[in-house]
Amino acid sequence: MSLDWIYYAISWILLAWHGAWDAIGVPDAAVIGTNWAWILAIVFLVVTVRVILFPVFVKQIKSQRAMQALQPQVKALQEKHKGDRETLQKEMMELYRKEKANPLMGCLPMFLQIPVFLGLFHVLRRLDPANGGKTLYGWTVGQFESASAAKLFTAPIAGKFGSTADELARLGANGTTVKVIAGILVLIMMGTTYLTSRQMILKTGWAEDPQQRMIQKLMLYGIPLSLLISGAIFPIGVIIYWVTNNLFTLGQQQWVLRKFPPPATATSKPGASPRNPVQPVKTGGLLGRAKPAPQAPAKPAAPKVAGPKPGAKPANPKKGRPAKRQG
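Treat the numbers as computed from the prediction; the structure is a model and nothing was measured. (Residues numbered from 1 in each chain as written. Predicted model: local features only at pLDDT ≥ 70, side-chain atom pairs only at ≥ 80, totals over all residues. Heavy atoms only, no water.)

## What to know about the overall build of the protein chain
Part 1 of the reasoning: A count of helices and strands for the protein chain gives ten helices and two strands.
Part 2 of the reasoning: Mapped from its N terminus to its C terminus, the protein chain presents α and β elements in the order α-α-α-α-α-α-β-β-α-α-α-α.
Part 3 of the reasoning: Each of the 327 residues in the protein chain was classed as buried or not, and the buried ones make up 39%.
Part 4 of the reasoning: Of the contacts made within the protein chain by residues no fewer than 6 positions apart, 70% connect residues no fewer than 24 positions apart.
Part 5 of the reasoning: Carbon and sulfur atoms make up 64% of the accessible area of the protein chain, which amounts to about 20,100 Å² in all. (Helix = DSSP H or I, 4+ residues; strand = E, 2+ residues; numbered from the N terminus. Buried < 20%, exposed > 50% of the residue type's maximum accessible area, 1.4 Å probe, protein only. Contact = heavy atoms within 4.5 Å. Areas by Shrake-Rupley, 256 points an atom, 1.4 Å probe, with all protein chains shown as cover.)

## A short note on the packing of aromatic side chains
Part 1 of the reasoning: Scanning the entire structure with this criterion turns up 13 aromatic pairs.
Part 2 of the reasoning: Look at tryptophan 17 and tryptophan 21: their rings are 6.3 Å apart centre to centre, the planes differ by 25 degrees, and that puts the pair in the stacked class. Taken together, the residues span about one helical turn, with tryptophan 17 and tryptophan 21 both in helix α1 (residues 4-23) at a distance of four residues.
Part 3 of the reasoning: Taking relative accessible area as the criterion, tryptophan 17 reaches 25% and is therefore assigned partly exposed.
Part 4 of the reasoning: Assessed through its relative accessible area of 16%, tryptophan 21 is described here as buried.
Part 5 of the reasoning: Each ring, one from tryptophan 38 and one from tryptophan 139, has its centre 5.8 Å from the other, and the planes form 10 degrees; the classification is stacked. Here the residue tryptophan 38 occupies a position in helix α2 (residues 36-69), and tryptophan 139 occupies one in the loop between α5 (108-125) and α6 (141-148), the gap between them amounting to 101 residues. (Phe/Tyr/Trp six-rings, centres within 6.5 Å; stacked < 30°, edge-to-face > 60°.)

Printed below as a string of structure tokens:
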């Protein structure tokens, strides 16, 4: 199946944002070794995609809440069918179908972004001055040449850590500079990828279902480690997209998790119980911040009776009573 429609869509969004930043006065020439109009075009490509996928992201959070609510029933099924994996899987699928919970919904936003990532990867790989198809996917010759010369701190956005000497020569780039900038961005990409997964797991808790827990561990450790190798073939512009996407995800998750707080039974480690009782999640107020609870009116304190001062004559308790008559 041809992916040209994705390449045209990604190119159109990039060119539209580049034109917008150019129109408001962001210089197309390099400032501090950086062509900011193209860098901002990549950043706002992320914003455009994430705004479109925001409803899917909310569904992902709700699906994870539904899966967590089913954990007691999942655990009961695991105890009931211990040693019978086939029956256990069948019963769990029936439970998910009955309760309309989808275990795969948690990965849906990531899967939907894969075509965007691949499209940007393909478009940026084409930004080679020796490329003959400069007007492909709706680009003009001027736009193509401007983008192929675009740099981040003197490292071209089409360059990558593993660029060959010939590629670097065509891009007019210094190999050491490209490796340093790309290497730093790959480390940032790995760190922010880990943080996005960790934030979600800490807020929602580890799943009781072994299959779900395995997916959580893969997202927490496997994907960031894989980027150490695959990051060498990513153009710098793609890494900028990935890092921006991670930062957007961190902010978006924080906002959504405040609006849809996790159940109070979530734990931070698999199979562990919290040391302290889980506090109720704060809700209400701006972006989910807690509103102060109304305080009950305090009961008036009983008046204190002052004791006699030292050296004072004792008070006559009979004062005020009628005097006894003398016989």
